[in-house]
Amino acid sequence: MHRLPPDSLALIFLHAARVVGQVMAGRSLADGLLERVPVAQRPAVMEQVYCCLRRYGRGHFFLKRLVRRPVQESEIHALLLVALSCLEEGSEAAYTVVDQAVTAAGVVRQGRYRGLVNAVLRSFLRCCASLQMEALADEEACYGHPAWWLAALRAAYPEQWQEIAEADNRRPPMAVRVNRRRIGRDAWLSALQVLQPGASARGRDGVLLERPLPVERLPGFAEGQVSVQDLGAQRAAELLDPEPESRVLDACAAPGGKTAHLLEAADLDLLALDLNPARCRKMGANLERLGLRAEIKAADCTRPEQWWDGRLFDAVLA
């Protein structure tokens, strides 16, 4: 990867392909896969990864029609999916996408797949209209969800399943939670107005941004004034609403957004559990940024003999 210019789209594609490849192998983005990408490239890589995963079924549909047999090299398979999603998204000129994807392929397996990547992407551009028409007849390609999930959705919501699937593929809004221990929401909103006059207060501590911003551009982020958290997720702490000084268990806590929200709202004796030690460390760092403290344990909440001291909890978030 060191041979690619640090500001090149090829490097972004290669980082994104490696993340998507790990997801294809069964890893979760929640395991911090994107955090291993250098900070300078991370926002652009994140954009490519999310775009690709939103179109995952669609990308596979196209690949099955563009190659005679499956691509065995997982990194090249993922790179093709990333490039195809970028071509469909139209955020970059088509010739740039092809050129930079081929350049990225040049540093994988001594460049032996450059010709394949070039041929597949150029073939897609030639057949794009007909392939997109074919995709309309394939539910996984059309709605961007696995067949088993679409079947479950259709069974649960027979009249609305298509609308729900389409809504699920839209870019999500960006919402943040203001840390009331550090700054009032109105004061933080005033600071944000310079960047986004259209941002609005939502719920008890939330703010809905007009358009997404990198976290480093959010006023006071480094100082712990604000955290990124979906508005729906913010409802959990609001609904649990434990009394001050309560003993609370957050049973599946990482990466710690709801844990932090509970602690921002009241002084609590809070135990946060998660199976993954790395995610526990990340949670600890996040709480430190926000000026909050909790007892954090890497443990299985279904095995209380491993972590419970016998004291009862007043509230449990599971």
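Preceding this section is the structure that the text describes.
Now for a quick tour of the structure. (Residues numbered from 1 in each chain as written. Predicted model: local features only at pLDDT ≥ 70, side-chain atom pairs only at ≥ 80, totals over all residues. Heavy atoms only, no water.)

**Describing the sheet that holds strand 7 (residues 295-298)**
Logical step 1: Pairing within the open sheet is parallel, and its four strands lie in the order 7-6-5-8. Edge positions in the open sheet fall to strand 7 and strand 8 (315-317), since each of these has one partner strand only. Strand after strand, the sheet turns through a mean of 15° between neighbouring axes, direction not considered.
Logical step 2: The sheet contact formed by strand 5 (residues 247-250) and strand 6 (residues 269-274) spans four bridges and is parallel. The partner of Leu249 across the bridge, within strand 6, is Leu271. (Pairing = 2+ DSSP bridges. Helix = DSSP H or I, 4+ residues; strand = E, 2+ residues; numbered from the N terminus. Axes fitted to C-alpha atoms, helices over the stretch in contact; angles between N-to-C directions.)

**Digging into the packing of aromatic side chains**
Logical step 1: For the structure on display, the rule yields five aromatic pairs.
Logical step 2: Here the aromatic rings of Phe61 and Phe62 are separated by 5.9 Å at their centres, their planes lie at 70°, and the arrangement is edge-to-face.
Logical step 3: In this structure Phe62 comes out as buried when scored by relative accessible area, which is 1%.
Logical step 4: In this structure, Arg65 is placed above the aromatic ring of Phe61, and the distance from its NZ or CZ to the ring centre is 3.6 Å.
Logical step 5: The aromatic ring of Phe221 is capped on one face by Arg289, whose charged end is 4.0 Å from the ring centroid. (Phe/Tyr/Trp six-rings, centres within 6.5 Å; stacked < 30°, edge-to-face > 60°. Buried < 20%, exposed > 50% of the residue type's maximum accessible area, 1.4 Å probe, protein only. Lys NZ or Arg CZ within 6 Å of the ring centre and 35° of its normal.)

**Regarding the pattern of salt bridges**
Logical step 1: Applying the stated criterion to the full structure yields 22 salt bridges.
Logical step 2: For Glu134, the salt bridge identified is with Arg65, shortest N-O distance 3.2 Å. You can see Glu134 sitting in helix 6 (residues 114-135) and its partner Arg65 sitting in helix 3 (residues 56-66), a full 69 residues away along the chain.
Logical step 3: Residue classification places Glu134 among the partly exposed residues on the basis of a relative accessible area of 40%.
Logical step 4: For Glu139, the salt bridge identified is with Arg154, shortest N-O distance 2.6 Å. (Salt bridge = Lys/Arg side-chain N within 4 Å of Asp/Glu carboxyl O.)

**As for the pairing of strand 7**
Logical step 1: Here four bridges tie strand 6 to strand 7, and the two strands are oriented parallel to one another. Its bridge partner lying in strand 7, Leu271 is registered against Glu295.
Logical step 2: Once you follow strand 6 into helix 13 (residues 277-290) and on to strand 7, the crossover reads as right-handed. (Right-handed = clockwise from strand over helix to strand, strands pointing away.)

**A look at the nonpolar core**
Logical step 1: Phe13, Val117 and Leu121 are the most contacted members of the largest nonpolar core, which totals 49 residues.
Logical step 2: Residue assignment for this core shows that the elements contributing at least two residues are helix 1 (9-24), helix 2 (42-54), helix 3, helix 4 (74-89), helix 5 (94-105) and helix 6.
Logical step 3: The contacts of Val117, once residues within four sequence positions are left out, are Ile76, Leu79, Leu80, Ala101, Val102 and Ala105.
Logical step 4: Val248, Ala272, Leu292 and Leu317 belong to the second-largest nonpolar core, a separate cluster that totals 17 residues. (Core = buried A, V, L, I, M, F, W, Y, C linked by side-chain atoms within 4.5 Å. Contact = heavy atoms within 4.5 Å.)

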